[in-house]
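Report on the structure
If you want the building blocks of each chain, they are given just below.
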Amino acid sequence: MKHRDLAAVALILGLSLTLCSSQIYVLTDKGGLGRAFDGIGGLSGGGATSRLLVNYAEPYRSQILDYLFKPNFGASLHILKKRVIFVFSHDFDIPDGTEPSHMHYENDENYFRGYEWWLMKEAKKRNPNITLISLPWAFPGWVGHGKNWPYDFPDITAAYVVNWILGAKQYHDLDIQYVGIWNERNYDSKYIKLLRYTLDKSGLDTVRIIASDSLWEPVVQSLLLDPELSRAVDVIGAHYPGTSSVKEALKTQKKLWSSEDYSTFNDEVGGGCWARILNQNYVNGLMTATISWNLVASYYKDLPFSRDGLMTAEEPWSGSYVVESPIWITAHTTQFTQPGWSYLHTVGHLAQGGSYVALTDGKGNLTVVIETMTRDHSVCIRPPLPPFNVTSQNATFHLQGSFASIKELQVWRSQFNFKTKKSSFFETLTPQKLFDGSFTLELAEDEVYTLTTMTTGQKGSYPDSPPSARFPKVYKDHFNVRNPPFSEAPDFADQTGVFEYDINMTDPGGSRRASVSLLQVPTPSWWF
């Protein structure tokens, strides 16, 4: 036998042995498709988690925004949720600061307070298709006539919320697509129905309602027992679901979202947490959107939940910021999918631990995301994570149905290396050739792979930001700004009440401007 014939036989035998030692996973659309993908996002607010971002000088501020929102560059987020980037601004105290309401009192309306309008517009500027969500974290005290309960006067509360949505469009040309009820507090069925009615009456019939931004129960049972309530609610949103939903939630036939998740220190274990839940929220719980609290850790680090964002930008005085691992873990999905794509039914867990999902645009494109995060390297802050094992393994994926003709896939890989501390994130590898519709990967522990037909992926970069520096020992502000770009003075982070630039007519020193407290009525509290 000739040498080249021996080589060919050896190659075939090698491929056969590899296939024999691999678990085979079929990816197909023959039996139809799974649920529609709604996206991955970040949450600004609850408390003022993006407060310092607006104070960064250019070009650093725009660079940070690009890493978050610019398509095919960094995290390329599909969703911006405002608890104040997804939520309404409000006059109340929360873990990392307060934010101003659009209505300090009943006859007051101002849709230029704070920085969240600016943030939403910057996100929209980079990604015109970004989904904007709002969720009240609390309400001004006047909404409940001084009581700590916004449902006693549901018509007032609904009008307060709807006015914010109308103001977003009228003054900033921002279309809010979803609205929630009250963050991690009790919901009221009568109020939800009235909110739906008020939205429709105000020409906002396309705005969808999410309920209840807390646990799966009891809202799921309420939806099953009350047809009118079910017609009013479009999405069931749960917070920190631990990648699991409940059977009754599936019976509602509603979209299921992890409408707040992550909330974990953004070191590499935090990146591992994010990698695991982005896949397993669908594999285990059929959740089609996952939203990180928070978007960017841009608040003073001595406040609660330091560095619980997708990246860190907490030093506007130095210009220093850090692109953390969760940015690149997000990119493994967001740069190669879009809301409206569909999951395949053929998703699941790997035989030796880890998980895989596959999505398609229905036009021949396919994206597969694989993660092999070990338990101790993917612990989230909540809920508790049960023990599980992950070991190195070979995995063979066989494409069938409309994907059988695919000959090559682009490959992106992230490798966490907790021993050497020399991890690599979102690196492009040699394209993967398919043999008879199949490909095999050697998967190590703590890795993330994306294999895709999409060729638009990019690991964006800028020159290193300036070095970190302590806050100046000497700091002063005369507040004498004739036309301030924002209602709040830079570097001030209100923790109780709300302060804004205002005219001080009684100052004997001749300075007519000051930072003035505008809170007049105690507000319904979120967590006390």
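Data block above holds the structure.
So, here is what we can say about the structure in this document. Throughout, residues of each chain are indexed from 1 in the direction in which the sequence is written. In keeping with the predicted nature of the model, local features appear solely for residues at pLDDT of at least 70, side-chain atom pairs appear and are counted solely at 80 or more, and the whole-chain, interface and lining totals rest on all residues. With hydrogens and water stripped out, all remaining heavy atoms of the structure feed into the side-chain values.

**Topic: the overall build of the protein chain**
How we decide: Labels follow the DSSP assignment, with helices taken as runs of H or I lasting at least four residues and strands as runs of E lasting at least two, numbered in each case from the N terminus. Throughout, exposure labels follow a simple rule: accessible area from a 1.4 Å probe, protein chains only, divided by the maximum for the residue type, with under 20% read as buried, over 50% as exposed, and the rest as partly exposed. Only heavy atoms matter for contacts: two residues are in contact if any of them lie within 4.5 Å across the pair. Each accessible area value is a Shrake-Rupley result obtained with a 1.4 Å probe; residue values ignore everything except the protein chains displayed when judging cover.
Assigned secondary structure in the protein chain consists of 10 helices and 23 strands. Expressed as a percentage of the 528 residues in the protein chain, the buried residues total 56%. In the protein chain, of all internal contacts separated by at least 6 residues, the share reaching a separation of at least 24 is 72%. Of the accessible surface of the protein chain, which amounts to about 22100 Å², a share of 53% is contributed by carbon and sulfur atoms.

**Observations concerning the side chain of Thr-337**
Its location among the elements puts Thr-337 in the loop between helix H10 (325-334) and strand S13 (342-344). The class for Thr-337 is buried, based on a relative accessible area of 2%. Residues contacting Thr-337, with those up to four places away along its chain left out, are Phe-37, His-78, Leu-359 and Thr-367.

**Considerations on the pairing of strand S21 (residues 447-452)**
The cut-off we apply is this: Any two strands between which DSSP finds at least two bridges are classified as paired.
Burial of S21 is extensive: six of the six residues sit out of reach of the surface. Going residue by residue along S21, you find Glu-447, Tyr-449 and Leu-451 tucked away on one face and Val-448, Thr-450 and Thr-452 tucked away on the opposite face as well. Where strand S16 (residues 366-371) lies against S21, five bridges are found, and the strand directions are antiparallel. Paired with Thr-367 across the bridge in S21 is Thr-452. Looking at chain direction, strand S18 (residues 408-415) and S21 are connected through six bridges and run antiparallel. Bridging from a neighbouring strand, Trp-412 pairs with Thr-450 of S21.

Functional significance is not addressed by these values, which are geometric in nature.
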